[in-house]
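The residues making up each chain are set out below.
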Amino acid sequence: MQLVVARIGRAHGIKGEVTVEVRTDEPELRLGPGAVLATEPSSVGPLTIATGRVHSGRLLLRFEGVADRTAAEALRNTLLIAEVDPEEVPEDPEEFYDHQLMDLDVVTRDGTEVGRISEISHLPYQDLLVVQRPDGSEVLIPFVSEIVPEVDLEEQRAVIDPPPGLLDDSQAEIASSREDS
């Protein structure tokens, strides 16, 4: 099974290094020197990681055969994809691979059906569960423990504790209001 583990950003320096937006909780395992990764678009890869280092809080990678800034810049926005055994699970019990979450039923704490997870959107600060509702609409659920306190893979469901307004706009609370002067 294939998992997207990173997206290549801009070139860094003149020796072929690139910045990388990490999309895995295990970068040391998936993005280490010698790792061979498939790519999207596939015409760019596969790419073999030659070196990696952290600079100013950002992961920098250099790939075999990419020796200058021009070649590195040509890789921008390429997705890096690792081959993973489908039976493999993250070490941390609070972490999940996308394929484990796909198609889970989503219910509230009181058992009310919300829908089914159709996609996981990876944003820079948090992930979002895209939930297909029974009426065909979608709702975006921030994948944080305060809102998704339980994921039960055995029961194939995710339990959510949504704040007011997340599922129904009419229940939204106004956090502040401006007074017209």
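Residues numbered from 1 in each chain as written. Predicted model: local features only at pLDDT ≥ 70, side-chain atom pairs only at ≥ 80, totals over all residues. Heavy atoms only, no water.

1. As for the pairing of strand β9 (residues 127–132)
Quick note on the threshold: At least two bridges found by DSSP between two strands are what make those strands a pair. Secondary structure elements are defined from DSSP: runs of H or I of at least 4 residues count as helices, runs of E of at least 2 residues count as strands, and each element is numbered from the N terminus.
Relative to β9, strand β8 (residues 113–122) runs antiparallel, the two being bridged by 6 bridges. From the neighbouring strand, I117 faces β9, where its bridge partner is V131. Sheet topology note: the β9/strand β10 (residues 138–142) ladder contains 5 bridges and is antiparallel. Across the sheet, L129 pairs through a bridge with I141, a residue of β10.

2. Details of unusual backbone geometry
Between E40 and the following residue, P41, the backbone shows a cis peptide bond with an omega angle of 10°. Structurally, P41 can be placed in the loop between β3 (36–40) and β4 (47–55). The backbone phi angle of S56 is positive, close to 55°, even though this residue is not glycine. Locating S56 in the fold gives a position in the loop between β4 and β5 (58–63). In the Ramachandran plot, D103 falls in the positive-phi region, its phi being about 70° despite a non-glycine side chain. Within the secondary structure layout, D103 lies in the loop between α3 (98–101) and β7 (105–108).

3. A few points about the nonpolar core
Operational definition: Residues enter a nonpolar core if they are buried and are Ala, Val, Leu, Ile, Met, Phe, Trp, Tyr or Cys, with the set joined through side-chain atoms within 4.5 Å. Only protein chains enter the accessibility calculation, which uses a 1.4 Å probe. A residue is then buried if its area is under 20% of the maximum for its type, exposed if over 50%, and partly exposed in between.
Ranked by size, the top nonpolar core spans 22 residues in total, and within it L31, L61, F63 and L80 carry the most contacts. Taken together, the elements giving at least two residues each to this core come down to β1 (2–12), β2 (17–22), β4, β5 and β6 (79–83). The biggest single contributor to this core is β1, with 5 residues. Within the second largest apolar cluster, 16 residues are counted, among which are L104, V114, V148 and A158.

4. A word on the side chain of T39
Here is the rule we go by: Any pair of N or O atoms that falls within 3.5 Å is considered a polar contact. Within protein, one atom must be able to donate a hydrogen and the other to accept it, and sequence-neighbouring residues count only if both atoms are side-chain atoms. In what follows, residue pairs with any heavy atoms lying within 4.5 Å of each other are defined as contacts.
In this fold, T39 is placed in strand β3. For T39, a relative accessible area of 6% translates into the label buried. One polar contact links the side chain of T39 to the main-chain carbonyl oxygen of P41, over a distance of 2.8 Å. Residue contacts for T39: discarding those within four places in its chain leaves V44, G45, L47, T78, L79, L80 and I81.

5. As for the pattern of salt bridges
Formally: Salt bridges are defined by distance alone: a side-chain nitrogen of Lys or Arg within 4 Å of a carboxyl oxygen of Asp or Glu.
Applying the stated criterion to the full structure yields 6 salt bridges. Put simply, R76 and E73 hold a salt bridge, and the shortest N to O gap is 3.1 Å. Of the residues examined, E73 reaches a relative accessible area of 29% and is grouped as partly exposed.

6. Some points on the confidence of the model for the protein
Applicable threshold: Confidence of the prediction at every residue is given by pLDDT, a number between 0 and 100.
Mean pLDDT over the protein works out to 84, with 87% of the residues at or above the 70 mark. Taking the mean pLDDT of every element in the protein, the minimum, 76, falls on helix α1 (residues 27–30) and the maximum, 93, on β7.

7. Structural notes on the sheet that holds strand β11 (residues 150–152)
Quick note on the threshold: As a rule, the C-alpha atoms of each element are fitted with a line to give its axis, helices using only the stretch in contact, and angles between N-to-C directions run from 0 to 180 degrees.
The strand order β10-β9-β8-β7-β12-β11 describes an open sheet built from 6 strands, whose pairing is mixed. Looking at strand neighbours, the two that pair on one side only are β10 and β11, the edges of this open sheet. Neighbour-to-neighbour, the strand axes of the sheet open up by a mean angle of 35°, direction not taken into account. Of the pairings in the sheet, the one linking β7 to strand β12 (residues 157–160) comprises 4 bridges and is parallel in character. Its bridge partner lying in β12, T108 is registered against I160.

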